[in-house]
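Take a look at the letters that make up each chain.
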Amino acid sequence: MKLEQWFKNNTWDDYFAKFEEKCKGRYEEIFDRCGGSLMIESLNTGGNSPKPVGCPNHHGKTNSNYVAKVKFKGVSRPFNDYAIGCCNTCGTKSGIFHLRWLRGDSKMKETLNAIRIGMGWSWGYILDEPLLDKEMTAKEREAFLLKENTRKELAEQQRRQREEEAKKKDLQRANFIQAKNRELFDTCLPLNHPNSLPAVKYFLSRGIDVLTMPELTRHIRFSPGYEVFASGVKYDGLYMSIVSKIINGAGELLYWHRIVIDEHGNKMKPHTVVNNEKVFGPSKIKGSAIPGLDNSNRGIKPFKPFLVQGVSEGLEVALSVRYMTGLPVDSATDAVSMENWLPQDGVKVVLIFEDYDRPNDQHPNDGGRGAAAGENLCEKLLEKGILPIRLSPPFEIPQNSKSVDWNDVIANFGSHELPKSVKEWKQLEEDIAQLELFDINALNYLNDKYEFNIA
Ligand SMILES: [Zn+2]
């Protein structure tokens, strides 16, 4: 039997389905042998939490954005079965389509041929049709299947071994990070402690009186002195910092967020000397994530919402809106985390306090990365039946700045420029509580009353 004859009774879809069936459970071997070893590099360096490698699309210019996935949206997705890979810019790819993209094949046929040849598979094996392998005797076919099964088992064994080792490494790493976290937290004081004045001043200079918010104490504190270690650099001496806990949806600590400040409450950069030259680090730093925890829906989350909740990137935005209006606002702390964020269960309306960034190559639209994060979060919430209201700060980006945020607006104009939906969020929440149905009529009513400006 020839392949052309097989196609008389089968479609391309049948063919592709058979191919996929054979690849499932073999993707690690396939990527390794058929031009996808970059993903294997990502898998091998990290085990249960693969490490990013350079995305082939960016010619290795950026080095931290393409990574193999063994979990997807919180669900276990072994690479061997799903072959999921994700680049922050190119998006998520899976299975044979992923390999095709990685190899840069213009036609699927090229990718499938590469798999068939690379894996040493016969047409009869792939399509479960011995008649296609007429050059093979029954005995040879039996031997081939036996060899194939042994290979499969061996690869499976190696995978299990690697996962075991990765688990051990993860545990060691988790213990180390937790010990370091405890060291830092042991230095921390509540914001209302007399020695925490630098932190109080930092927020006061941004129009926020944190002493009126005792609920912060379990989430945000002040460290009068602790070492700073960031991106592999250890900076000289000890630094004062505002320390916030970044937790996941289940309330587990993932890592900390620190703002390095001086005794007057001014932001400062940690410094050290490398090769006789003074080098400065970032004033805002994050700790290493504890391995093995679900890091979706992460953020600084000091407040308990009911039906209406806000979210921002920056901590200062969250606290200034809270201070001005009492609205519970989470700080996701960065754009990617904003896209991963979710409101607390039961929340019906989310007010998204977007940053307004200068557009760049990767985010060329108005509002840049900040607006893109707001838009992506908005789409995700709509899918979940939650009403998102995007709020962009009504403020020009100053010439020497890259962005503005809602804290800039509030620090300059107080609550005056806040939208009606924010200023009257309590009434909005009461109105929602009274609704029998959260349907289109209700939406139109709220849209008019609170000026959501939803088209
Ligand atoms: Zn890419």
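Residues numbered from 1 in each chain as written. Predicted model: local features only at pLDDT ≥ 70, side-chain atom pairs only at ≥ 80, totals over all residues. Heavy atoms only, no water.

**A few points about the overall build of the protein chain**
Helices and strands together make up the secondary structure of the protein chain, namely 17 helices and 19 strands. Based on the C-alpha atoms only, the size of the protein chain along its principal axes is roughly 85 × 65 × 40 Å. Counting across all 455 residues of the protein chain, residues that qualify as buried make up 45%. Residue pairs in contact within the protein chain that sit at least 24 positions apart in sequence constitute 60% of those at least 6 positions apart. Summing over all exposed atoms, the protein chain offers an accessible surface of approximately 24,000 Å²; the carbon and sulfur share of this is 49%. Each charge class in the protein chain was averaged separately, 61 positive and 62 negative side chains, and the resulting centres sit 5 Å apart. (Helix = DSSP H or I, 4+ residues; strand = E, 2+ residues; numbered from the N terminus. Buried < 20%, exposed > 50% of the residue type's maximum accessible area, 1.4 Å probe, protein only. Contact = heavy atoms within 4.5 Å. Areas by Shrake-Rupley, 256 points an atom, 1.4 Å probe, with all protein chains shown as cover. Lys, Arg positive; Asp, Glu negative; His and termini not counted. Charge placed at Lys NZ, Arg CZ, Asp CG, Glu CD.)

**Quick notes on the sheet that holds strand β4 (residues 84–87)**
Taken in spatial order, the 3 strands of this open sheet run β1-β4-β5, and their pairing is antiparallel. Only two strands of the sheet have a single partner each, and these edge strands are β1 (66–69) and β5 (91–93). Neighbouring strand axes in the sheet, compared pairwise and without regard to direction, differ in orientation by 20 degrees on average. Two elements, β1 and β4, share 4 bridges in a ladder whose sense is antiparallel. Following the sheet pairing, tyrosine 66 is matched in β4 by cysteine 87. Seen against the sheet, helix α6 (residues 95–103) touches β1, β4 and β5 and runs at an angle of roughly 160 degrees to β1. (Pairing = 2+ DSSP bridges. Axes fitted to C-alpha atoms, helices over the stretch in contact; angles between N-to-C directions.)

**Looking at the UniProt feature "domain: Toprim" (unreviewed entry) in the protein chain**
This chain's UniProt record puts "domain: Toprim" (unreviewed entry) on residues 310–414. Structurally, residues 310–414 is divided into 39% helix and 19% strand, and its ends, taken at the C-alpha atoms, are 18 Å apart. (UniProt positions renumbered as here; feature names shortened; annotations may be inferred.)

**Quick word on helix α13 (residues 368–383)**
When the terminal C-alpha atoms of α13 are compared, their 23 Å separation across 16 residues agrees well with the 22 Å that a helix rising 1.5 Å per residue should span. If you follow the buried residues of α13, they end up packed against β14 (308–312), α12 (335–340), β16 (349–353), β17 (356–357) and β18 (387–391). Directly beyond the C-terminal end of α13, a positive phi value near 75 degrees is found at glycine 385. (Expected span 1.5 Å × (residues − 1).)

**Things to note about the domain arrangement of the protein chain**
One can read the domain layout of the protein chain as domain 1 (3–164), domain 2 (188–296) and domain 3 (303–455). For domain 2 and domain 3, the distance between their C-alpha centres works out to 25 Å. Each partner contributes to the interface: domain 2 provides 20 residues, whereas domain 3 provides 13 residues. Both faces combined, the contact of domain 2 with domain 3 buries some 1,300 Å², and carbon together with sulfur accounts for 65% of it. It is Arg206, Ile208 and Met213 that lose the most area in domain 2 upon contact with domain 3, and together they represent 29% of the buried surface on that side. At the boundary of domain 2 with domain 3, the tally comes to 3 salt bridges. The salt bridge involving glutamate 215 is made with arginine 322; its shortest N-O contact spans 2.7 Å. The tally of links between domain 2 and domain 3 comes to 6 residue pairs in polar contact (both at pLDDT 80 or more). Listed by contribution, the elements that provide at least two residues to the side of domain 2 that touches domain 3 are α10 (197–204), β9 (239–247), β10 (253–261) and β13 (284–286). Looking at the side of domain 2 that touches domain 3 element by element, the count peaks at 3 residues for β10. (Domains from an automatic or database assignment. Buried area = accessible area lost by both parts, 1.4 Å probe. Salt bridge = Lys/Arg side-chain N within 4 Å of Asp/Glu carboxyl O. Polar contact = N/O pair within 3.5 Å; in protein donor to acceptor, adjacent residues only side chain to side chain.)

**Brief notes about the pattern of salt bridges**
For side chains bearing opposite charge, pairing can occur when the charged atoms are close. Summed over all chains, the structure comprises 22 salt bridges. Notably, a salt bridge pairs glutamate 354 with arginine 390, separated by 2.3 Å at the nearest N-O pair. Of the two residues, glutamate 354 sits in the loop between β16 and β17 while arginine 390 sits in strand β18, which places them 36 residues apart along the sequence. Looking at glutamate 354, the relative accessible area reads 3%, which means it is buried.

**Description of the sheet that holds β13**
What the 4 strands build is an open sheet, ordered β6-β9-β10-β13; its pairing is antiparallel. For this open sheet the edge positions go to β6 (220–226) and β13, each flanked by a neighbour on one side alone. Between one strand axis and the next, the sheet turns by 30 degrees as a mean value, whatever way the strands run. Contacts from helix α9 (residues 138–187) reach β6, β9 and β10 within the one sheet, and its direction differs from that of β6 by about 95 degrees.

**Some remarks on the UniProt feature "coiled-coil region" (unreviewed entry) in the protein chain**
In the numbering used here, UniProt assigns the feature "coiled-coil region" (unreviewed entry) to residues 145–175. Each end of residues 145–175 is marked by a C-alpha atom, and these two atoms are 45 Å apart; helix forms 100% of the span and strand 0%.

**Observations regarding the nonpolar core**
Grouped together as the largest cluster of nonpolar side chains are 34 residues, with contacts concentrated most on Phe19, Ile30, Phe31, Ile96, Ile115 and Trp121. Taken together, the elements giving at least two residues each to this core come down to α2 (12–23), α3 (27–33), α4 (37–46), β1, α6, α7 (108–119) and α8 (123–126). Counting 24 residues, the second largest nonpolar core, distinct from the first, contains Val317, Leu387, Leu418 and Ile432. (Core = buried A, V, L, I, M, F, W, Y, C linked by side-chain atoms within 4.5 Å.)

**Observations regarding helix α11 (residues 315–325)**
Most of α11 is tucked away: 9 of the 11 residues are buried. Where α11 is concerned, the buried positions are Leu315, Glu316, Val317, Ala318, Leu319, Ser320, Val321, Arg322 and Thr325. Taken from the residues just after α11, glycine 326 is the one with a positive phi, measuring 85 degrees.

**Description of the environment of leucine 197**
Mapped onto the elements, leucine 197 comes out in helix α10. Measuring from C-alpha to C-alpha, the distance between leucine 197 and glutamate 263 comes to 8.0 Å, with 66 residues separating the pair along the chain.

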